[in-house]
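In case you want the letters, here they are:
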Amino acid sequence: MIDWKQYGPIYTVAPGIKKLGNLPIIEFDDQEERYLNLKKISSNNIYYDSLFKKHINQKVTKKIEEILNLEYPNKFFNFKNFNEMGFKIQEDIAIFHRSNKLIALHVSFPSTWIPKEKIGMTFSAIHQPVPGMKKFLVNQQKYVDMMVNAEKPIIRYVWGEHFGYLLSPLEPIKESVKVIHTERQTFVGMSKDDLGIFLIKKKVIPFLETDSEFQIWYANQIKSMSDEQKRYKIGN
C-alpha cells in the first residue's frame, strides 16, 4: 500500500523531515521479487559523476552492507560495489556530496524525472522546476549539510501521479489509467566522508483502486495547490 497517510492533510513543498524512529532504514516487503526483477531488466539506470571515486564507492557500499547486516541478520547479501548493491535492495539510491553535488545514482523507478539529467547537479538545480521551492533553495547548503550530517537517519514522504505504467514503463498499462505513487525517502549521513545516502522506496496504486478515505485526502491536496503547482504536479 502507498504511504500517503504520512504526508499530511494539505499539499506543501516543505521538506517535512521526521526522525526515522523504529522504522527500518532499508525496507523489504512482499513485493521484493517484483522490484528486483524490474531492476535487473532496467536500462540506463546507473550514473556516476567524476567525483565518485573508487574509495567513495567502497565506503558507500560498506555502509549499506553494515545497515543490511544489522537490520536483516538472517538475510544473505552478496555484492562488491555500488553497482551490484543497487540490484539487491528495493530502494533506488542517490549519493550526495557535501560540496553540493549529486555524484551517483542507481535509479530504476524515477517519478517523472530523468536520472541522467540530474547527475552532477547541485541541490538547487535538481529542485529548480518545483513550484514553491524558491525560498528553500536560497538555503540549499543547509539541506545538503542536513543530509550529510544525518548520522541518525531521517525520513520524509512525497507523492505524485503518472499515467500508463505501474512501478516503471516496464509494467505498462492503459495510457488513460492514472497511477498514484508515493516515495519513502530516507537519508543516511556519512559526515566524516562528506557524503549523504538518499534511499527512495517508491510504491504505486491505480487511482481507481484507492478507497474513499484516500480520495478525500487527494481532493484536499489538489484544493490546497496553487495553479502553478497543479500544472507541475498533475498537469492541470
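Provided above is the structure to which this section pertains.
Predicted model only: the values in this text are computed from it and were never measured.

About the criteria used
- Residues numbered from 1 in each chain as written.
- Predicted model: local features only at pLDDT ≥ 70, side-chain atom pairs only at ≥ 80, totals over all residues.
- Heavy atoms only, no water.
- Helix = DSSP H or I, 4+ residues; strand = E, 2+ residues; numbered from the N terminus.
- Buried < 20%, exposed > 50% of the residue type's maximum accessible area, 1.4 Å probe, protein only.
- Lys, Arg positive; Asp, Glu negative; His and termini not counted.
- Salt bridge = Lys/Arg side-chain N within 4 Å of Asp/Glu carboxyl O.
- Polar contact = N/O pair within 3.5 Å; in protein donor to acceptor, adjacent residues only side chain to side chain.
- Contact = heavy atoms within 4.5 Å.
- 1 Å grid on protein atoms, 1.4 Å probe; cavity = no way out; pocket = protein on both sides within 12 Å on 5 of 7 lines; lining within 4 Å.
- Points joined across faces, edges and corners; volume = space filled by probe spheres on them.
- Nonpolar A, V, L, I, M, F, W, Y, C, P; charged D, E, K, R; others polar.
- Core = buried A, V, L, I, M, F, W, Y, C linked by side-chain atoms within 4.5 Å.
- Pairing = 2+ DSSP bridges.
- Phe/Tyr/Trp six-rings, centres within 6.5 Å; stacked < 30°, edge-to-face > 60°.

A word on the side chain of Lys39
Here's step 1: As for its position among the elements, Lys39 is in helix α1 (residues 32–41).
Here's step 2: Asp92 provides the closest opposite charge to the buried, unpaired Lys39, separated from it by 4.2 Å.
Here's step 3: In terms of polar contacts, Lys39 uses its side chain to reach the backbone carbonyl oxygen of Gly86, at 2.7 Å.
Here's step 4: If near-sequence neighbours (up to four positions away) are discounted, Lys39 is found in contact with Asn45, Gly86, Phe87, Ile89, Gln90, Glu91, Asp92, Ser108 and Phe109.

What to know about the layout of surface pockets
Here's step 1: What the largest pocket holds in volume is close to 1,100 Å³.
Here's step 2: Forming the walls of the largest pocket are 42 residues, and the residues nearest its centre are His127, Val130, Arg156, Val158 and Gln185.
Here's step 3: A per-element tally of the lining of the largest pocket places strand β5 (residues 154–163) first, with six residues.
Here's step 4: Class assignment for the residues of the lining of the largest pocket results in 27 nonpolar, nine polar and six charged.
Here's step 5: Estimated volume of the second largest pocket: approximately 300 Å³.

Quick word on unusual backbone geometry
Here's step 1: One non-glycine residue, Asn44, lies in the positive phi region at around 55°.
Here's step 2: As for its position among the elements, Asn44 is in the loop between α1 and β2 (46–48).

Here's the deal with the nonpolar core
Here's step 1: By size, the foremost hydrophobic cluster in this structure holds 35 residues, and its most contacted members are Phe96, Phe123, Trp159, Ile180, Phe214, Trp217 and Tyr218.
Here's step 2: Beyond its immediate sequence surroundings of up to four residues, Ile180 is in contact with Ile2, Gly160, Glu161, Lys203, Val204, Ile205, Phe207, Phe214 and Tyr218.
Here's step 3: Core analysis: the next-biggest nonpolar cluster, separate from the first, contains 27 residues, Ile25, Phe28, Phe82 and Ile197 among them.

Structural notes on the pairing of strand β3 (residues 92–97)
Along any regular strand the residues' side chains alternate between the sheet's two faces.
Here's step 1: Counting buried residues in β3 gives six out of six residues, a clear majority hidden from the surface.
Here's step 2: Burial of the side chains of β3 extends over both faces: Asp92, Ala94 and Phe96 are buried on one face and Ile93, Ile95 and His97 on the other.
Here's step 3: Relative to strand β7 (residues 195–206), β3 runs antiparallel, the two sharing six bridges. The residue bridging Ile93 from the neighbouring strand is Leu199, located in β7.
Here's step 4: As paired elements, β3 and strand β4 (residues 101–106) share five bridges and run antiparallel to each other. Considered in β4, the bridge of Ala94 is made with Leu105.

With respect to the pattern of salt bridges
Here's step 1: Counting across every chain of the model gives 12 salt bridges.
Here's step 2: Glu171 is paired through a salt bridge with Arg34; the nearest N and O atoms lie 2.8 Å apart. In this pair, Glu171 is assigned in the loop between β5 and β6 (178–190) and Arg34 in helix α1, connecting sequence segments 137 residues apart.
Here's step 3: The exposure class assigned to Glu171 is buried, which follows from its relative accessible area of 16%.

Focus: the pairing of β5
Here's step 1: For β5, the tally of buried residues reaches nine of 10 residues, placing the bulk of the element in the interior.
Here's step 2: Relative to β5, strand β1 (residues 18–19) runs antiparallel, the two sharing two bridges. Note that in β5 the partner of Lys18 across the bridge is Ile155.
Here's step 3: As paired strands, β5 and β6 are joined by 10 bridges and run antiparallel to one another. The partner of Arg156 across the bridge, within β6, is Gln185.

As for the packing of aromatic side chains
Here's step 1: Counting across every chain of the model gives 18 aromatic pairs.
Here's step 2: Both rings, one in Trp4 and one in Phe214, keep their centres 5.5 Å apart while their planes meet at 85°; by these two values the pair is edge-to-face. Linking Trp4 in the segment before β1 with Phe214 in helix α8 (residues 212–223), this pair joins segments that are 210 residues apart in sequence.
Here's step 3: The class for Trp4 is buried, based on a relative accessible area of 6%.
Here's step 4: The class for Phe214 is buried, based on a relative accessible area of 0%.
Here's step 5: Relative to Tyr72, the ring of Phe28 lies with its centre 5.0 Å away and its plane at 90°, an arrangement referred to as edge-to-face. Pair noted here: Phe28 is in the loop between β1 and α1 and Tyr72 is in the loop between α2 (54–71) and α3 (82–86), with a separation of 44 residues, a long-range link. An identical accessibility class is assigned to Phe28 and Tyr72; each is buried.
Here's step 6: Three or more aromatic residues joined by ring pairs make a cluster, and in this case those are Trp4, Tyr7, Tyr11, Trp159, Phe207, Phe214, Trp217 and Tyr218.

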